[in-house]
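Fold and geometry: a report
Letter by letter, the chains look like this.
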Amino acid sequence: MIDYYIIIQMALNYFSKFTFATRTHASHNLKRALTQQSERRGDPTRYSYLLDSGRFEDLGDRVHPDLAKGLKVNNYEYMTEIQEKAIKQGGLLEGENLILTSETGSGKTLAYLLPILNQLFHHKDKHPTNPRFKLTKDTEDQMFLNAEEIAYKAQKEVATQKRLSFSRGSNGGDSQPKGAIVLSYSKELLSQVYSQARMLDLKERLLINRATSSLQMKTPVVEFITPDKTKGERELSEEEQFEISIKNVINNASWKLTDMLLVTPVVMSHILQSKEKYDPYDINPAVIVVDEFDELLQNPAYGQHMLTILRKFASFQTDKGNPLAEMNRLRQFIFTGATIPKTIATQAGSDALQQMQEWFSGSGIRHIRSENCHRVSAMVEQEWIDLDAVGAMGKHSEESELNLLVDLVRRSLTVLRHNSIMIFADSKKSIDKICDALLRADIKNLPYYQDTGLQGRQTTLQLFFSGELPVMVCSNMAARGLDTMQVDHVIQYEFAKNVVDYIHRVGRTGRMGQRGGVVTNMVRKGDQELVERIRGLIEEGQPMDKLFSRKRSLRKNIKRQGSQGEEQSEDE
Ligand SMILES: Nc1ncnc2c1ncn2[C@@H]1O[C@H](COP(=O)(O)OP(=O)(O)OP(=O)(O)O)[C@@H](O)[C@H]1O
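Residues numbered from 1 in each chain as written. Predicted model: local features only at pLDDT ≥ 70, side-chain atom pairs only at ≥ 80, totals over all residues. Heavy atoms only, no water.

Remark: the centre distance and the inter-plane angle together describe each pair of aromatic rings, the angle taken between the planes. Counted according to the given criterion, the structure contains five aromatic pairs. Where tryptophan 384 meets phenylalanine 495, the ring centres are 6.2 Å apart and the plane angle is 45°; that geometry is what we call tilted. Remark: phenylalanine 495 occurs in the loop between β14 (489-492) and α19 (499-506) and tryptophan 384 occurs in strand β10 (residues 381-386); sequence separation between them is 111 residues. For the pair formed by tryptophan 384 and phenylalanine 495, the shared burial category is buried. Aromatic side chains phenylalanine 495 and tyrosine 502 sit 5.7 Å apart centroid to centroid with 35° between the ring planes, which places their arrangement in the tilted category. Judged by its relative accessible area of 1%, phenylalanine 495 is buried. One aromatic cluster in this structure is built from Trp384, Phe495 and Tyr502. Positioned above the aromatic ring of tyrosine 493 is the side chain of arginine 524, whose terminal nitrogen or guanidinium carbon lies 4.9 Å from the ring centre. (Phe/Tyr/Trp six-rings, centres within 6.5 Å; stacked < 30°, edge-to-face > 60°. Helix = DSSP H or I, 4+ residues; strand = E, 2+ residues; numbered from the N terminus. Buried < 20%, exposed > 50% of the residue type's maximum accessible area, 1.4 Å probe, protein only. Lys NZ or Arg CZ within 6 Å of the ring centre and 35° of its normal.)

Turning to unusual backbone geometry, a few remarks are in order. Phi is positive for asparagine 75, close to 60°, though the residue is something other than glycine. Within the secondary structure, asparagine 75 is located in the loop between α3 (65-73) and α4 (81-88). For asparagine 75, a relative accessible area of 27% gives the class partly exposed. Here the phi dihedral of aspartate 442 falls at roughly 65°; this positive angle occurs in a residue that is not glycine. You can see aspartate 442 is positioned in the loop between α17 (428-440) and β12 (445-448). Of the residues examined, aspartate 442 reaches a relative accessible area of 73% and is grouped as exposed.

On to the nonpolar core. If you look at soluble globular proteins, the nonpolar side chains tend to sit buried side by side. In terms of nonpolar packing, the biggest core is built from 63 residues, with Ile181, Leu183, Met268, Phe313, Met422, Tyr502 and Ile534 touching the most fellow members. What tyrosine 502 contacts, discounting residues up to four positions off in sequence, is Val376, Gln382, Trp384, Gln492, Phe495, Ala496, Asn521, Ile534, Ile538 and Met544. Ranked by size, the runner-up nonpolar core spans 39 residues in total, among them Leu67, Leu206, Ile208 and Val287. (Core = buried A, V, L, I, M, F, W, Y, C linked by side-chain atoms within 4.5 Å. Contact = heavy atoms within 4.5 Å.)

What follows deals with the side chain of glutamate 383. On the secondary structure map, glutamate 383 appears in strand β10. Under the relative-accessibility criterion, glutamate 383 is labelled buried at 3%. A polar side-chain atom of glutamate 383 sits 2.6 Å from a polar atom in the side chain of threonine 520. (Polar contact = N/O pair within 3.5 Å; in protein donor to acceptor, adjacent residues only side chain to side chain.)

Attention now goes to the site of the ligand. Close contacts around the ligand come from 25 residues, with Tyr78, Gly105, Lys108, Thr109 and Asp483 the closest. Backbone polar atom of glycine 105 to an oxygen atom of the ligand: 2.8 Å apart, as the coordinates give it. Between the ligand and arginine 511, the relevant distance is 2.9 Å, taken from an oxygen atom to a side-chain nitrogen or oxygen of the residue. Relative to its unbound accessible surface of 640 Å², the ligand loses 98% to contact with the protein. Looking at which element gives the most residues to the shell around the ligand, the answer is helix α5 (residues 108-126), with three residues. Residue composition of the shell around the ligand, grouped by class: eight nonpolar, ten polar and seven charged. (Near = heavy atom within 4 Å. Areas by Shrake-Rupley, 256 points an atom, 1.4 Å probe, with all protein chains shown as cover. Nonpolar A, V, L, I, M, F, W, Y, C, P; charged D, E, K, R; others polar.)

Turning our attention to the sheet that holds β14. Here we have six strands laid out as an open sheet, ordered β10-β15-β14-β11-β13-β12, and parallel in their pairing. The open sheet is flanked by β10 and β12, the only strands paired with a single partner. Across this sheet, the average inter-strand angle for adjacent strands is 20°, counted without regard to direction. Judged from the four bridges that link them, β12 and strand β13 (residues 471-474) form a sheet pairing that is parallel. Its bridge partner lying in β13, proline 447 is registered against valine 473. Lying on the sheet, helix α18 (residues 453-466) is in contact with β11 (421-424), β12 and β13; it crosses β12 at an angle near 135°. (Pairing = 2+ DSSP bridges. Axes fitted to C-alpha atoms, helices over the stretch in contact; angles between N-to-C directions.)

So, in structure tokens, the structure goes:
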């Protein structure tokens, strides 16, 4: 007779293969946790994605010396496959437009940071940042979005006090594009990009702004550094400081003081719309990255905003009266993702995608993909628990499922390497129930979902990354992009609704091809069809994109395929 203990025994058989290691308590600090990751990077055998690949140092002077040093200091020695292909075949460092598709945890972030930092370091050699200006922590985070509001206030103040005259609209015109905009959909993901860029910018020469929320700014836009008297710089009067500060704001100092803008599509389109009344050249990036590109272009929540952005920066048609058309040709566009429908180059599925293909058909965009793209890592062990097999014996209930989960987690915490577990469920209700059940069993955990708010999610992440928090119970919000290098066990308490979510969830463990990751899939009746398809493809070693669906409703897709008697790709 099948009962829970047999299932747990099955799980234990898996787990017993893994070596027991002492739990490492890292620091509370996210930056330190990231630094530790970078220290471990030194050993390429740890990361199977680095085997047989070329070295960054062999790229010679194609990489700016400061970037080469940053890579070395952070132990980025070998390139991953997607990095190497993008550089050697795709012209990544020569400004080519690229779509980069590769499996989760394969270094797409570093791939797009390379041309950005390369370009910026060269630019800084010629145009060093004015040392008078230093961004404060607060302004680094929020300056961009609030610049409009501050400019408005400043204008009013100036108008009443008549302290200085100014002309609105001209920023002095940087005629050549410079700097970069990186678009991604959450502050957490943009913060990761920020940390990685900061770690590579050893001399701290870059001004990196994150514009993701409409929080009020608490500190001045520009902080004045005490003048260097040895260089003959004199102290500025308060009046002069005020004047320069306001001029900077009004003359779009926000972009002038930005080398890299990390921004969500919603905020970016807001910035563009509010800046329409200004000089169109005021935001003029040389590189534009669209991270998690399939999600940003297909999800209706972002699609319209992406259209606004693409219309401005990616339209090459002068006949439509676009003053930026010529300039747009000079920009480099990089679209990245782990799950990009394979027919993307030929069929458009959303307005934003369609528009993008139309524009790029003239200027050209290359699609570079890795061999294992759209597959889950072969280094990750997967187990499948059929809950209905248990249900058939009359013991299937929510309580018993939660008990099973708690037993799995308890066992996992005693045998796995880092004691770091992500549990996925679909609804807030399920997540709350899981958290309670784990707490009753004295297992420390926190939820990660919309309702905890940004602050709550960031605290949870920090504790989780540092090793303080062994279990994070997550919605799909945590499925994409989070660089959870330390996670050794992913449990799908509720199975993914489609193959795209499945790939991203599984990709939170075994990143960079690390060995020792485990995924436990708890499967209910309604999941069986999808699970069978996925398992079939894994066994055959096939990529999973044939199961991608535009609406992401795989079950419908399978039904349709069944009725047509053959497999068909439904992707865009
Ligand atoms: N060449 C490299 N050598 C060593 N480590 C690397 C290299 N490139 C990237 N990494 C590290 O690998 C990890 C995963 O990279 P990243 O988060 O960019 O993956 P990704 O491909 O964007 O994954 P996802 O699709 O899940 O977002 C990061 O911790 C990153 O610092």
